[in-house]
Amino acid sequence: GMGAFATLSLRGQGTVFASGEHQRYRDPAGEVGVGVQDRTYRTGASGAHVTATATAARYRVDVSLALRGERFTDRDNLGQARHLDGSRLGGSTTAQLAAQLTSWLIIEPSLGVERLHTSSLLDLDPREPAAARRDTFATPRLAVRALATSERQAKASVGRYARTPTLIELFGDRGLVWGNPGLRPETGQSADAGVVWAPVAPYRAVDRVLVALTHQRGWAEHVEGQVREILSDAGPLELGQRHLRPI
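Residues numbered from 1 in each chain as written. Predicted model: local features only at pLDDT ≥ 70, side-chain atom pairs only at ≥ 80, totals over all residues. Heavy atoms only, no water.

(A) Layout of the overall build of the protein. Per the secondary structure count, the protein includes one helix and 14 strands. Looking at the 247 residues of the protein, the share that counts as buried comes to 32%. Taking all contacts inside the protein whose residues are at least 6 apart in sequence as the whole, residues at least 24 apart take part in 61%. Total accessible area computed for the protein in this model is approximately 14900 Å², and 58% of it derives from carbon and sulfur atoms. (Helix = DSSP H or I, 4+ residues; strand = E, 2+ residues; numbered from the N terminus. Buried < 20%, exposed > 50% of the residue type's maximum accessible area, 1.4 Å probe, protein only. Contact = heavy atoms within 4.5 Å. Areas by Shrake-Rupley, 256 points an atom, 1.4 Å probe, with all protein chains shown as cover.)

(B) How the structure looks around the pairing of strand 6 (residues 133-147). Summarising the sheet, strand 5 (residues 105-119) and strand 6 pair through 14 bridges and their orientation is antiparallel. For Ser110, the partnering residue across the bridge sits in strand 6 and is Arg141. Pairing between strand 6 and strand 7 (residues 152-163): seven bridges, direction antiparallel. The residue of strand 7 that forms the bridge with Leu147 is Gln153. Once strand 6 ends, the chain turns through four residues before running back antiparallel as strand 7. (Pairing = 2+ DSSP bridges.)

(C) Spotlight on the nonpolar core. Listed in full, the six residues of the largest apolar core are Tyr41, Phe72, Leu167, Leu170, Phe171 and Leu183. Of all the elements, helix 1 (residues 167-171) adds the most residues to this core, at three residues. (Core = buried A, V, L, I, M, F, W, Y, C linked by side-chain atoms within 4.5 Å.)

(D) Structural detail: the confidence of the model for the protein. Per-residue confidence for the protein averages 82 on the pLDDT scale, and 79% of its residues sit at or above 70. Throughout residues 225-234 the model reports pLDDT below 50, and contacts reaching past four residues in sequence, or to other chains, amount to 22 contacts. (pLDDT = per-residue confidence, 0-100.)

(E) Looking closely at the pattern of salt bridges. All chains considered together, the criterion is met by 14 salt bridges. Between Asp76 and Arg39 there is a salt bridge; the shortest N-O distance is 3.9 Å. Of this pair, Asp76 sits in strand 3 (residues 59-76) while Arg39 sits in strand 2 (residues 37-56), placing them 37 residues apart in sequence. Here Asp76 matches Arg39 in class, with each residue buried. Here Arg68 makes a salt bridge to Glu70, at a shortest N to O gap of 3.6 Å. Its relative accessible area of 23% is what places Arg68 among the partly exposed residues. The class of Glu70 is buried, set by a relative accessible area of 14%. Residues joined in a network through salt bridges with shared partners are Arg68, Glu70, Arg88 and Glu114. (Salt bridge = Lys/Arg side-chain N within 4 Å of Asp/Glu carboxyl O.)

Below, the structure is given as structure tokens:
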């Protein structure tokens, strides 16, 4: 809620997940135009996420830890091409403090740190396998909220952000997209400011109302653009520095 953090409590929760996908592409007559094909693609991902929250008087601390593993395989069932494998392991931790300094002012500093290890696919030239890559990045952020009333507040935040490439962006979906294992996480700075109205009482037939007006700006250091074409070598590209605005 928008009021003071008045309770004393400790709580935690955790989740685990797993997903998988199996695809087979067959073109025994070479009708697509890239030769006879019979390939099997498999992707899998699993991970766990735990969070803990401590609340005391006007302070709240949230800490989270996440671990995940992902894998992509490309098998040529005709034995005409080399098998390709790619994987990524990652771990991240985030800590956030919410402190109500006065009856109307709350500050929320936070810090996230993520570590990734990407084992790339063999390149199209099997004599030059792509090297594994390790990425580490931090995403500090500071948010401020001013409480006009129990139902209305103004808020603003500024900090760094990071978006890691998806498995398809890294390793591709050979029926549609050629991946780019060399893609780095998209990073940059962002800021936003806005107002929120969240009435406690129901509004006529609506039991919960939330109205937010926000303006956002972003300054990206590494932006990834993805070109999806079937019969080409196009794939994810790094676009360099960009200034981002919401549309």
